[in-house]
Amino acid sequence: MKKLFVIRTIIKDLFTAQLPYTAVVLVSLIISFFTLFFVTTKVASEHLESTLSEKHYSNDLYLDVADSASNIGEYGNNMGDYMLNDEFCNKYLKINLPKITYISIDASLMYSKLNGKKLPGTDFVEVQVQPLFSKSEQDRYKAFETSLKYEYEVIDGRDITETELSEHKNVALAPEGWAVAVGDTLDCFGHELKIVGLVRPKAGFVYEEFYRPYREHFLVPYDFLLECMNDPLDLDIKNGEHLIYNPGYDGKPKNNKYVPEELPPDTIYATLSNTCFKDKIYPAIIILNVQHIIFSEKITEKQKNDFAKLIGVSPDELRSSYEQFYKDRVKEFNNQALLECIISGAFCALNAVMIVLFICRKNVSTYRLFRVYGSSRKNIFLFNLVSMLAVILLALVVSVLMAMPVMNVFHRINQKYEFRSSCLLITSAVYLTVSVLACIPAAISAIRKSPVVN
């Protein structure tokens, strides 16, 4: 109890009678901490990608199957390709995986007539589409909806309403510049779709890193696409029964009019694109390619096993980029950051030694008084060491609390410098090691400057 009382008295004195000196010491220690912190942050900017990329590396899975194109999955032509329909969604949602932040989506729609008239020289026109979900569908398919969503603005006509989505109205939005106008009707092999508006990408909208490159899409209710995916065309591809396809209709028509090339009488273009799935042709289709998928958080081993079972592969064939590639880079960063931090820490050590010696000298008279009243050399060493550690730990706590705000400010100056918990841990470890080692000679100095007890 007497020792605790003495230690409390010394620490109290540091923050009362000697407060100006203690404040200078705290500032010096905090500056030493941030010197080390910026060293580790610099190394991170040189060896690691952005924190967003690092998160993706940690939370992703990719299908590592040799010659996967020759394999046939449960739902699709290639291993890893699955139709986004109710059958797949029901099985997927039962696994209870984290939200998807990236997955490759390829959706398309075929229409055979425009305003009730067959287009000349072709059996169909194929366009890229983007599914739109009603609020109730968003609640159910939110994992997929996150990966499908993009921003747009209506430039002619109107937007699709929530009522139309929830009541399953067959309305759609078309990108500007195509050979369709507001009020036109597309006949998708018996499934009619009315264009109610023309759209373009929203000003300033760009896909985040890891998202597929932007392509102009028709925006179509998911329920309509699901209806088309439940009604494949009655064609036998294996026996050579095909649709005539004129590539002159591909892309944006010039001057908003179709200008297809005339097909030679003996030429037939068969649809072997995404509308051909599992040896069937659909008026519309949404394909998920799970060769590479990124979740909002790292999945558990059980979730990984369940997901592997769903897509019909071995869990060993689902790899993480972090384990395969990024883990080595992080290890390299840790080693380099620790090395450079220790080298910088050598200079900080001199600063720390001078600081704790300074405090020690301010307490010499107190230590001498304790020695006169019978304190042993061991107790003097203990009193000095604990009081120094209290100041060092206080500086550490303040520094850690300041680390994120300071780095956020600095990030505005240099965007490659980002706050990372790993940098904070390495800095704290080196700071504590250097500071504690600096306390030992100071504590010994306190003993030498105190008189010997008679």
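In this numbering scheme, every chain counts its residues from 1 along its sequence in written order. In view of the model being predicted, local features appear only for residues whose pLDDT reaches at least 70, and side-chain atom pairs are presented and counted only at 80 or more, with totals across whole chains, interfaces and linings using the full set of residues. Excluding hydrogens and water, the side-chain values take into account all heavy atoms of the structure.

### Observations concerning the layout of surface pockets
- Of the two site types, the cavity is a set of points on a 1 Å grid over the protein atoms alone where a 1.4 Å probe fits but cannot get out, and the pocket is an open set with protein on both sides within 12 Å along at least five of seven lines, each lined by residues with an atom within 4 Å of a point. Grid points are joined across faces, edges and corners, and a volume is the space filled by probe spheres set on the points. The calculated volume of the largest pocket comes to roughly 280 Å³.
- If you go around the largest pocket, you meet 15 residues; those closest to its centre are Leu132, Glu145, Lys149, Tyr150 and Tyr152.
- Put simply, DSSP marks the helices as runs of H or I at least four residues long and the strands as runs of E at least two long, and each gets a number from the N terminus on. Sorting the residues of the lining of the largest pocket by element identifies strand S6 (125–132) and helix H6 (142–148) as the ones contributing at least two each.
- For the lining of the largest pocket, the element with the most residues is S6, which contributes three residues.
- Put simply, Ala, Val, Leu, Ile, Met, Phe, Trp, Tyr, Cys and Pro go in the nonpolar bin, Asp, Glu, Lys and Arg in the charged bin, and everything else, Gly too, in the polar bin. A class-by-class count of the residues in the lining of the largest pocket yields nine nonpolar, two polar and four charged.

### Some remarks on the nonpolar core
- By nonpolar core we mean a set of buried residues, namely Ala, Val, Leu, Ile, Met, Phe, Trp, Tyr and Cys, connected to one another through side-chain atoms within 4.5 Å. Between buried and exposed lies partly exposed: a residue is buried under 20% and exposed over 50% of the maximum accessible area for its type, with that area taken using a 1.4 Å probe on protein chains only. Membership of the largest hydrophobic core comes to 61 residues, with the highest contact counts inside it found for Tyr92, Leu109, Phe144, Phe218, Val220, Phe307 and Ile311.
- Contact partners of valine 220, with chain neighbours within four places excluded, come to Leu109, Val129, Gln130, Pro131, Leu132, Ala172, Leu193 and Leu225.
- Ile30, Cys341, Met388 and Leu396 belong to the second-largest nonpolar core, a separate cluster that totals 31 residues. The criterion used for residue contact is that any of the two residues' heavy atoms lie within 4.5 Å.

### Notes on the packing of aromatic side chains
- Only Phe, Tyr and Trp rings take part, Trp by its six-membered ring, and two of them pair if their centres are within 6.5 Å. Stacked means planes under 30 degrees apart, edge-to-face means over 60, and tilted covers everything else. Per the stated rule, a full pass over the model turns up 19 aromatic pairs.
- Their ring planes at 50° and their centres at 5.9 Å tell us that phenylalanine 133 and tyrosine 141 sit as a pair that is tilted. The two residues phenylalanine 133 and tyrosine 141 agree in class, both being buried.
- Centroid distance phenylalanine 410 to tyrosine 417: 5.2 Å. Interplanar angle 40°. Geometry classified as tilted.
- Each member of the aromatic cluster is reached from another via a ring pair, and the members are Phe33, Phe34, Phe37, Phe38, Phe410, Tyr417, Phe419 and Tyr431.

### Here's the deal with unusual backbone geometry
- For asparagine 115, which is not glycine, the phi dihedral falls at a positive 55°.
- Summarising the element assignment, asparagine 115 is placed in the loop between strand S4 (113–114) and strand S5 (117–118).
- The exposure class of asparagine 115 is partly exposed, given its relative accessible area of 41%.
- Even without being a glycine, phenylalanine 189 presents a positive backbone phi close to 50°.
- Assignment of secondary structure puts phenylalanine 189 in the loop between strand S9 (185–188) and strand S10 (191–201).

### Re the environment of leucine 109
- Its location among the elements puts leucine 109 in strand S3 (residues 100–111).
- By relative accessible area, which is 0% here, leucine 109 ends up buried.
- Discounting chain neighbours no more than four positions away, the residues touching leucine 109 are Val125, Glu126, Val127, Val129, Cys188, Leu193, Val220, Phe224, Leu225, Pro283 and Ala284.

### Some thoughts on the pairing of S9
- Strand direction decides the pairing type here: S4 and S9, joined by two bridges, are antiparallel. In the strand pairing of S9, leucine 114 is matched with leucine 186.
- In the sheet, S9 pairs with S10 via four bridges, with the strands oriented antiparallel. In the sheet register, leucine 186 faces S10, and the bridge partner there is leucine 193.
- Only when DSSP finds a minimum of two bridges between them are two strands counted as paired. Between S9 and S10, which pair antiparallel in sequence order, lie two residues; one of them, phenylalanine 189, sits at a positive phi of approximately 50°.

### Observations concerning the confidence of the model for the chain
- Per-residue confidence for the chain gives a mean pLDDT of 77, with 70% of residues at or over 70.
- Residue-level confidence of the predictor is summarised by pLDDT, bounded by 0 at the bottom and 100 at the top. The secondary-structure element of the chain with the lowest mean pLDDT is helix H11 (residues 364–372), recorded at 56, while S9 shows the highest, at 96.
- Here residues 67–77 is a poorly scored stretch, pLDDT under 50, and it has 29 contacts once near neighbours within four places are set aside; other chains count.
- Taken together, the stretch residues 205–214 has pLDDT below 50 and engages in 23 contacts with residues farther than four places along the chain or on a different chain.

### What about the pattern of salt bridges?
- Any Lys or Arg side-chain nitrogen located within 4 Å of an Asp or Glu carboxyl oxygen qualifies as a salt bridge. Taken as a whole and judged by the stated rule, the model has seven salt bridges.
- Between aspartate 86 and arginine 140 there is a salt bridge, and its shortest N-O distance comes to 3.7 Å. A residue pair is termed long-range when its members are at least 10 positions apart, and aspartate 86 in helix H4 (residues 86–95) and arginine 140 in helix H5 (residues 135–140) qualify at 54 residues.
- Classification of aspartate 86 as partly exposed rests on a relative accessible area of 27%.
- Aspartate 306 is paired through a salt bridge with lysine 302; the nearest N and O atoms lie 2.9 Å apart. Taken as a pair, aspartate 306 and lysine 302 lie in helix H9 (residues 301–311) at a separation of four residues, close to a single helical turn.
- Judged by relative accessible area, aspartate 306 falls into the partly exposed class, the value being 27%.
- Exposure remark for lysine 302: the relative accessible area of 58% places this residue in the exposed category.

### What about H4?
- For H4, the full list of buried residues reads Phe88, Cys89, Tyr92 and Ile95. Looking down the long axis of H4, one finds its buried residues gathered within 115° of arc, a one-sided arrangement.
- Contacts made by the buried residues of H4 are with strand S2 (81–83), S3, H6, helix H8 (222–229), strand S14 (284–295) and H9.
- One or two positions beyond H4, positive phi appears at asparagine 96, with a value near 60°. Each direction from the helix axis to a C-beta atom contributes to the arc, which is the arc of those directions.

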